[in-house]
Amino acid sequence: LMHLPMDIFYEVASRLHPLDLLHVSRTSKHLRSIVMSRKCKFLWSESLSRIDGLPPCPMGMSEPAYVALIFGRLCMLCGALRAVWVDYAIRLRLCRSCRVTQYVFY
């Protein structure tokens, strides 16, 4: 994968599901530097455009952060798996423990 020509890598990566693209970015520092670079924003946009009915990425939020919010399963405070509670208004995904101890309801 590391020796693949960049144009072929871009073609393959742009066809991945957004969560798979996020997983690729978490595979190694080298892949993260490629996939998370500003010049690769088109990868995320193309990947997100393939999901029917998905609202566009909100202004002020990066596509990788949007993917983590919508499709991810990691708590954004403690990193625990199985963070199933999401507050889209404040763009936060939490596990049960953090929701109970850290989230303030008004």
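Report on the accompanying structure. The structure presented is a predicted model; accordingly, all values stated were derived computationally and were not measured.

**As for the pattern of salt bridges**
- The full count for this structure, using the stated rule, is three salt bridges.
- For Lys41, the salt bridge goes to Glu63, with nearest N and O atoms at 3.7 Å. With a gap of 22 residues between them, Lys41 in helix α4 (residues 41-49) and Glu63 in helix α5 (residues 63-71) connect regions that are remote in the sequence.
- Given a relative accessible area of 46%, Lys41 falls into the partly exposed group.
- Close ionic contact of Glu46 with Arg50 constitutes a salt bridge, the shortest N to O distance being 3.1 Å.
- You can call Glu46 partly exposed: its relative accessible area is 33%.

**Details of the side chain of Ser14**
- By secondary structure assignment, the location of Ser14 is in helix α1 (residues 6-14).
- Residue class for Ser14 comes out buried when judged on its relative accessible area of 7%.
- Within polar-contact distance, the side chain of Ser14 engages the backbone oxygen of Glu11 at 2.9 Å.

**A closer look at α5**
- Within α5, seven of the nine residues are buried, leaving the element largely enclosed by the surrounding structure.
- Every buried residue of α5 is accounted for by Glu63, Pro64, Tyr66, Val67, Ala68, Leu69 and Phe71.
- Close packing links the buried residues of α5 with α2 (18-25), α4, β1 (85-87) and β2 (92-94).

**Some thoughts on the packing of α1 against α4**
- Between α1 and α4, whose axes approach to 8 Å, the crossing angle comes to 30°. Here α1 is positioned roughly parallel relative to α4, judged by the angle of their axes. Facing Tyr10, Ala13 and Ser14 of α1, the residues of α4 in contact are Phe42, Leu43, Glu46 and Ser47.
- Of the residues belonging to the contact of α1 with α4, the class tally is four nonpolar, two polar and one charged.

**Points about the nonpolar core**
- In this structure, Phe9, Tyr10, Leu21, Val35, Leu43, Trp44 and Val67 are the most contacted members of the largest nonpolar core, which totals 20 residues.
- Sorting the residues of this core by element identifies α1, α2, α3 (29-35), α4 and α5 as the ones contributing at least two each.
- The dominant element in this core, judged by the number of residues it contributes, is α5, at five residues.
- Residue contacts for Val35: discarding those within four places in its chain leaves Phe9, Leu21, Val24, Ser25, Cys40 and Trp44.
- Core analysis: the second largest hydrophobic core is formed by eight residues, Cys75, Trp85, Leu92 and Cys95 among them.

What counts, and at which threshold
- Residues numbered from 1 in each chain as written.
- Predicted model: local features only at pLDDT ≥ 70, side-chain atom pairs only at ≥ 80, totals over all residues.
- Heavy atoms only, no water.
- Salt bridge = Lys/Arg side-chain N within 4 Å of Asp/Glu carboxyl O.
- Helix = DSSP H or I, 4+ residues; strand = E, 2+ residues; numbered from the N terminus.
- Buried < 20%, exposed > 50% of the residue type's maximum accessible area, 1.4 Å probe, protein only.
- Polar contact = N/O pair within 3.5 Å; in protein donor to acceptor, adjacent residues only side chain to side chain.
- Contact = heavy atoms within 4.5 Å.
- Axes fitted to C-alpha atoms, helices over the stretch in contact; angles between N-to-C directions.
- Parallel < 35°, antiparallel > 145°, perpendicular 65-115°, else oblique.
- Nonpolar A, V, L, I, M, F, W, Y, C, P; charged D, E, K, R; others polar.
- Core = buried A, V, L, I, M, F, W, Y, C linked by side-chain atoms within 4.5 Å.

Taken by themselves, the reported measurements are silent on function.
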